[in-house]
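Okay, here's what each chain looks like letter by letter:
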Amino acid sequence: MKNIELDVILQAIPSLSYVDTKRLNNTVKLKLDSDVVGKVIADREDCVSECPHCNELEFIKHGVTAKGIQRYKCKSCSKTFCSLTETPLYRMRKEDKWLEYISMMWEGVALRKIAKVLNINLRTAFFWRHRFLQMPDKNKPTSFTGIIEADEAFLPESFKGKRVMPREPRKRGGGKVPLVPILISYQRGDRFSYEVMKKNTKENLSNAISPLLTEGCCLCTDGNLSYKSIVKELNVNLDHKRIIAQDGRVIDGVYHIQHVNGFISLWKEWLDRFRGVGTAYLSRYLAWYIWMQDKSYGEEDRWLREAVQS
Ligand SMILES: [Zn+2]
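Everything in this summary refers to the structure shown in the same document. All figures in this text were calculated on a predicted structure; none of them were measured in a lab.

Let's talk about the packing of helix α3 (residues 36-44) against helix α11 (residues 300-307)
Contact geometry for α3 and α11: axes closest at 10 Å, N-to-C directions at 20°. Judged by the angle between their axes, α3 and α11 are roughly parallel. Of the two elements, α3 crosses α11, and the hand of that crossing is right-handed. Contacts between α3 and α11 involve Val36, Val37, Lys39, Val40 and Asp43 from the former and Asp301, Leu304 and Arg305 from the latter. Of the residues contributing to the contact of α3 with α11, the split by class is 4 nonpolar, no polar and 4 charged.

In structure tokens, the structure reads:
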């Protein structure tokens, strides 16, 4: 709303009767309760603590954008910014459609269908998906304790979503599509972590898993000898249980990798609906899936709220 319209309303309030003011109050309350996106954006203003350009703490209010979003001017570098600068929601338009979009994203609705239902173009639908995906990706656990399960998943390499193919396309029937290895790990009772690796090498596997392992933890893996070697070379005192049999064996009633294996098959099944995800975006789709496991359907505003947290 333009400030001039708001001024007209504000100027009219003193002349309203008590009954009309009460009526206005109820309308305002209803509007405040239903405008979830507006509240997320307004609440974000309380979190703005520094200039995103130079990180200085001194800034002043500097009007509002056409959409009523607070703008600021840094006292140090003189640059301006708004409360959504450097959040995934920066410069995103059509905020009245965000919640419905997230809801459909949650259900795994295909982009083309989302674009049609919301009457937005396909490029916008794609752009939004990757904006909203930025948030779950930043919440990845970085270290684990206790019993940890780890295993690799493999998916065919894909350049979907990329404008330029980094290599010559394969001729029909000519050679197999390389598989991309992904380490999935899980701390019992906590959350899943993941790392999309470039190649299936011991070095890559070590780089992916070593930072997660802490003193006194117990790592459960399959019989892959790379894990044995990684644990041996690692300067951390930990226990390693290798589950060698293929039939989902359990050692001492607790040591197994069934949670991770179950996760991998459910995630792959869920991924099928997107009919192939570009390798470059796999980690975001993993993050998204893990994030959804933690939440319940209907928490779309929570998604937005976490997206704007610094
Ligand atoms: Zn600044």
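Re the packing of aromatic side chains
Tallied over the full model, the rule gives 16 aromatic pairs. An angle of 20° between the planes, with centres 4.2 Å apart, marks the rings of Tyr186 and Phe192 as stacked. For the pair Tyr186 and Phe192, a shared accessibility class is recorded, and that class is buried. Taken together, a centroid distance of 4.2 Å and an interplanar angle of 20° make the contact between Phe192 and Phe263 stacked. Within this pair, whereas Phe192 is found in strand β6 (residues 192-196), its partner Phe263 is found in helix α9 (residues 258-271), the two being separated by 71 residues in sequence. Members of the aromatic cluster, each reached through a chain of ring pairs, are Trp106, Tyr186, Phe192, Phe263, Trp270, Tyr285, Trp288, Tyr289, Trp291 and Trp303. One residue, Lys241, lies across the ring of Tyr255, its end atom 4.8 Å from the ring centre.

Description of the pattern of salt bridges
One pass over the full model with this rule turns up 9 salt bridges. Residue Glu58 is joined to Lys75 by a salt bridge in which the shortest nitrogen-to-oxygen separation is 3.9 Å. Of this pair, Glu58 sits in the loop between α3 and β1 (59-64) while Lys75 is found in the loop between β2 (70-74) and β3 (80-82), placing the two residues 17 residues apart along the sequence. A salt bridge links Asp239 to Lys241, with the nearest nitrogen and oxygen atoms 3.6 Å apart. Judged by its relative accessible area of 19%, Lys241 falls in the buried class.

Section: the sheet that holds strand β5 (residues 179-187)
Spatially, 5 strands are ordered β6-β5-β4-β7-β8 in an open sheet, and the strand pairing comes out mixed. Each edge of the sheet is formed by a strand with only one pairing partner; in this case those strands are β6 and β8 (239-243). Between one strand axis and the next, the sheet turns by 25° as a mean value, whatever way the strands run. As judged from the 5 bridges shared by β5 and β6, these two strands associate in the antiparallel manner.

Each value, and the rule that gives it
- Residues numbered from 1 in each chain as written.
- Predicted model: local features only at pLDDT ≥ 70, side-chain atom pairs only at ≥ 80, totals over all residues.
- Heavy atoms only, no water.
- Axes fitted to C-alpha atoms, helices over the stretch in contact; angles between N-to-C directions.
- Helix = DSSP H or I, 4+ residues; strand = E, 2+ residues; numbered from the N terminus.
- Parallel < 35°, antiparallel > 145°, perpendicular 65-115°, else oblique.
- Left-handed = near helix turned anticlockwise from the far one by under 90°.
- Contact = heavy atoms within 4.5 Å.
- Nonpolar A, V, L, I, M, F, W, Y, C, P; charged D, E, K, R; others polar.
- Phe/Tyr/Trp six-rings, centres within 6.5 Å; stacked < 30°, edge-to-face > 60°.
- Buried < 20%, exposed > 50% of the residue type's maximum accessible area, 1.4 Å probe, protein only.
- Lys NZ or Arg CZ within 6 Å of the ring centre and 35° of its normal.
- Salt bridge = Lys/Arg side-chain N within 4 Å of Asp/Glu carboxyl O.
- Pairing = 2+ DSSP bridges.

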